[in-house]
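# Observations on the model geometry
Below are the chains, spelled out letter by letter.
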Amino acid sequence: MKLETERLILKPINETHVENILKIRSNEITNKYVVRNTPKNNFDALQFILMIKERTKNNESFYFGISLRNQQNLIGTICLYNFTEDRKTAEVGYELLPEFHHQGLMSEALKVVVDFGFTDVHLQEIVAMTNKFNENSKGLLLKSGFALEDVREDEGFPDNLVFSIRQG
């Protein structure tokens, strides 16, 4: 399944995207506020892709590679994952190579994924966790209609803030 915006195509990732995923997920700027194991080589990136494909197949996540309409290469990713047991709430996660920041591209991708989550997946709420120092991510979420949830915490990540948007 793929989603489209004016400038972007959001599509499933697969084994042909190994080098793109390695570049995105090992980027120092992209990882500045993210706690994760970064891939060190193509094998690590491939293992990540295979895990994502399995989770997608098992309906545990919806994971999209982001590319510009006229290009094959991925410039970022966006996903819905970490569903609640009743599947009414999911978390959105996203990343974009730094050279594509400040162009409104992630705003486009986030809008279409939020719409997909509410319309096709029938979510009632989408949450996003972001580091309290990540001004770009906080600005994106607020501009996209997410609200800061002062009383909620991202368990185990005290530096993260919780944002949410609800259906309707």
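Residues numbered from 1 in each chain as written. Predicted model: local features only at pLDDT ≥ 70, side-chain atom pairs only at ≥ 80, totals over all residues. Heavy atoms only, no water.

## What to know about the layout of surface pockets
Of the volumes computed, that of the second largest pocket is approximately 160 Å³. Lining of the second largest pocket is provided by M1, P12, I13, I52, K53, T56, K57, S61, F62, Y63 and F64. Among the elements that line the lining of the second largest pocket, the one with the most residues is helix α2 (residues 42–57), at four residues. Classifying every residue of the lining of the second largest pocket gives seven nonpolar, two polar and two charged. (1 Å grid on protein atoms, 1.4 Å probe; cavity = no way out; pocket = protein on both sides within 12 Å on 5 of 7 lines; lining within 4 Å. Points joined across faces, edges and corners; volume = space filled by probe spheres on them. Helix = DSSP H or I, 4+ residues; strand = E, 2+ residues; numbered from the N terminus. Nonpolar A, V, L, I, M, F, W, Y, C, P; charged D, E, K, R; others polar.)

## Quick notes on the sheet that holds strand β2 (residues 8–11)
Reading across the sheet, the eight strands line up as β1-β2-β3-β4-β5-β6-β8-β7 and stay open at both edges, with mixed pairing between neighbours. One side of each edge strand has no neighbouring strand; the edge strands of this open sheet are β1 (3–4) and β7 (147–148). Sheet topology places strand β4 (residues 76–81) next to strand β5 (residues 89–96); six bridges connect them, and they run antiparallel. Paired with G76 across the two strands is L96, which belongs to β5. Contacting β1, β2, β3 (62–68), β4, β5, β6 (125–131) and β8 (160–166), helix α3 (residues 105–119) runs over the sheet at an angle of about 25 degrees to β4. (Pairing = 2+ DSSP bridges. Contact = heavy atoms within 4.5 Å. Axes fitted to C-alpha atoms, helices over the stretch in contact; angles between N-to-C directions.)

## Overview of the packing of aromatic side chains
Given two aromatic rings, one states the distance between the centres and the angle between the planes to describe the pair. Applying the stated criterion across every chain yields a total of four aromatic pairs. Arranged with centres 6.1 Å apart and planes meeting at 65 degrees, the rings of F62 and F83 form a pair that is edge-to-face. Of the two residues, F62 sits in strand β3 while F83 sits in the loop between β4 and β5, which places them 21 residues apart along the sequence. The residues F62 and F83 share a single accessibility class, namely buried. Measuring from centroid to centroid gives 5.9 Å for F64 and F116, while their planes differ by 90 degrees, and the two rings are edge-to-face. (Phe/Tyr/Trp six-rings, centres within 6.5 Å; stacked < 30°, edge-to-face > 60°. Buried < 20%, exposed > 50% of the residue type's maximum accessible area, 1.4 Å probe, protein only.)

## Description of the packing of helix α1 (residues 18–25) against α2
The geometry of α1 relative to α2 is characterised by a closest axis approach of 8 Å and an angle of 100 degrees between their N-to-C directions. On the basis of the axis angle, α1 is roughly perpendicular to α2. Along the contact surface, α1 presents V18, E19, I21, L22 and R25, while α2 presents N42, A45, L46, F48 and I49. Looking at the contact of α1 with α2, its residues break down into seven nonpolar, one polar and two charged. (Parallel < 35°, antiparallel > 145°, perpendicular 65-115°, else oblique.)

## Description of the side chain of S164
Among the structural elements, S164 can be located in strand β8. For S164, a relative accessible area of 2% puts it in the buried group. Apart from the residues lying within four places of it in its own chain, the contact partners of S164 are E125, I126, V127, G145, F146, A147, E149 and R152.

## With respect to the pairing of β5
Of all eight residues in β5, seven are buried, a share of seventy percent or more. In this structure, β5 lies alongside β6, joined through three bridges in parallel fashion. When the bridges of β6 are listed, E91 appears paired with V127. Considered for its hand, the β-α-β crossover made up of β5, α3 and β6 is right-handed. (Right-handed = clockwise from strand over helix to strand, strands pointing away.)

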